[in-house]
Amino acid sequence: MKPIGYWLNRTDKALTTSMNTVLAEFGLTRPAWQVLNVVGDDPQATDTGVLTVLAANADVTTLTEAIGTAVADGWAIRPEPGRLALTDDGRARLAEVGERVDAFRELSTAGITGEEYRLAVTVLERMTYNLENGAER
């Protein structure tokens, strides 16, 4: 059996590669899609807030580029400096992307029960907590 780190890395790579393929027709990447979701969920979204929320998902350069792409491609606007909001078109397009992402999620969890999924997430949360808090000891 391969160790968990091997499967974490391989799973993350497979998720990113597959999701980027799904999102490509919309001109998005996985980080850009994540940025749009954070902005869509927070009516007071800021660049700093997006970077903070998504810090575990990608580096600052990747996220900053994704924010720039969202604005340049008309998904989002800057109602004032440092703030972000989805455009009406961006919100409509994000809903369309959501349908594809839902299908992607079904594919990625095929053959996995809800309980198995929850257990896997719980184990990973616990491992992360142990490692992050163990480093402080």
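A few points on the structure.

What counts as what
Residues numbered from 1 in each chain as written. Predicted model: local features only at pLDDT ≥ 70, side-chain atom pairs only at ≥ 80, totals over all residues. Heavy atoms only, no water. Core = buried A, V, L, I, M, F, W, Y, C linked by side-chain atoms within 4.5 Å. Buried < 20%, exposed > 50% of the residue type's maximum accessible area, 1.4 Å probe, protein only. Contact = heavy atoms within 4.5 Å. Phe/Tyr/Trp six-rings, centres within 6.5 Å; stacked < 30°, edge-to-face > 60°. Lys NZ or Arg CZ within 6 Å of the ring centre and 35° of its normal. Helix = DSSP H or I, 4+ residues; strand = E, 2+ residues; numbered from the N terminus. Expected span 1.5 Å × (residues − 1). Arc of directions from axis to C-beta. Axes fitted to C-alpha atoms, helices over the stretch in contact; angles between N-to-C directions. Parallel < 35°, antiparallel > 145°, perpendicular 65-115°, else oblique. Left-handed = near helix turned anticlockwise from the far one by under 90°. Nonpolar A, V, L, I, M, F, W, Y, C, P; charged D, E, K, R; others polar. Patch = residues over 30% accessible without salt bridge, like charges linked within 9 Å, V, L, I, M, F, W, Y side chains within 5 Å. Areas by Shrake-Rupley, 256 points an atom, 1.4 Å probe, with all protein chains shown as cover. Salt bridge = Lys/Arg side-chain N within 4 Å of Asp/Glu carboxyl O.

### Things to note about the nonpolar core
- Core analysis: the largest hydrophobic core is formed by 26 residues, its most contacted members being Leu28, Val35, Val50, Trp75 and Val97.
- Among all residues touching Trp75, those that are not within four sequence positions of it are Phe26, Leu28, Leu36, Ala70, Ala85, Leu86, Thr87, Gly90, Arg93, Leu94 and Val97.

### So, the packing of aromatic side chains
- Here the structure, examined in full by the defined rule, presents one aromatic pair.
- Ring centres of Tyr6 and Trp7 lie 4.9 Å apart, and the angle between their planes is 90°; on these two criteria the pair is classed as edge-to-face.
- Tyr6 sits in the partly exposed class, given a relative accessible area of 31%.
- Residue classification places Trp7 among the partly exposed positions, given a relative accessible area of 41%.
- One cation-aromatic arrangement involves Lys2 over Tyr6; the distance from NZ or CZ to the ring centre is 5.1 Å.
- One Lys or Arg, Arg93, reaches over the ring of Trp75 and ends 3.8 Å from the middle of that ring.

### Considering helix H4 (residues 60–72)
- The terminal C-alpha atoms of H4, which comprises 13 residues, lie 18 Å apart, in line with the 18 Å expected from a rise of 1.5 Å per residue.
- Turning to H4, its buried residues number three or more, namely Leu63, Ala66, Ile67 and Ala70. All buried residues of H4 project into a common sector of 100° when viewed along the axis, lining one side. Exposed side chains of H4 directed beyond 90 degrees from the buried face belong to Thr61, Glu65 and Ala72.

### Quick word on helix H2 (residues 30–41)
- Under the 1.5 Å per step criterion, the end-to-end length of H2 is 17 Å for 12 residues, consistent within 8% with the ideal 16 Å.
- Of all 12 residues in H2, nine are buried, a share of seventy percent or more.
- Those residues of H2 that sit buried are Arg30, Pro31, Ala32, Trp33, Gln34, Val35, Leu36, Val38 and Val39.
- Against helix H1 (4–24), helix H3 (47–53), H4, strand E2 (85–86) and helix H5 (88–108) lie the buried residues of H2.

### Some points on the packing of H2 against H5
- In contact at an axis separation of 11 Å, H2 and H5 are set at 120° when each is read in the N-to-C sense. If you check the angle between H2 and H5, you find them oblique. Both H2 and H5 take part in a crossing whose hand is left-handed. In this structure, H2 contributes Trp33, Leu36, Asn37 and Gly40 to the contact, and H5 contributes Arg91, Leu94, Val97, Val101 and Arg105.
- Split by residue class, the contact of H2 with H5 holds five nonpolar, two polar and two charged.

### Points about a nonpolar patch on the surface
- Taken together, the side chains of Ile4, Leu8, Leu119, Val123 and Leu124 make up a nonpolar region of the molecular surface, amounting to roughly 370 Å² of accessible area.
- Broken down by secondary-structure element, the contributors of at least two residues to the nonpolar patch are H1 and helix H6 (114–134).
- Among the elements that line the nonpolar patch, the one with the most residues is H6, at three residues.
- For Leu119, the location among the structural elements is in helix H6.

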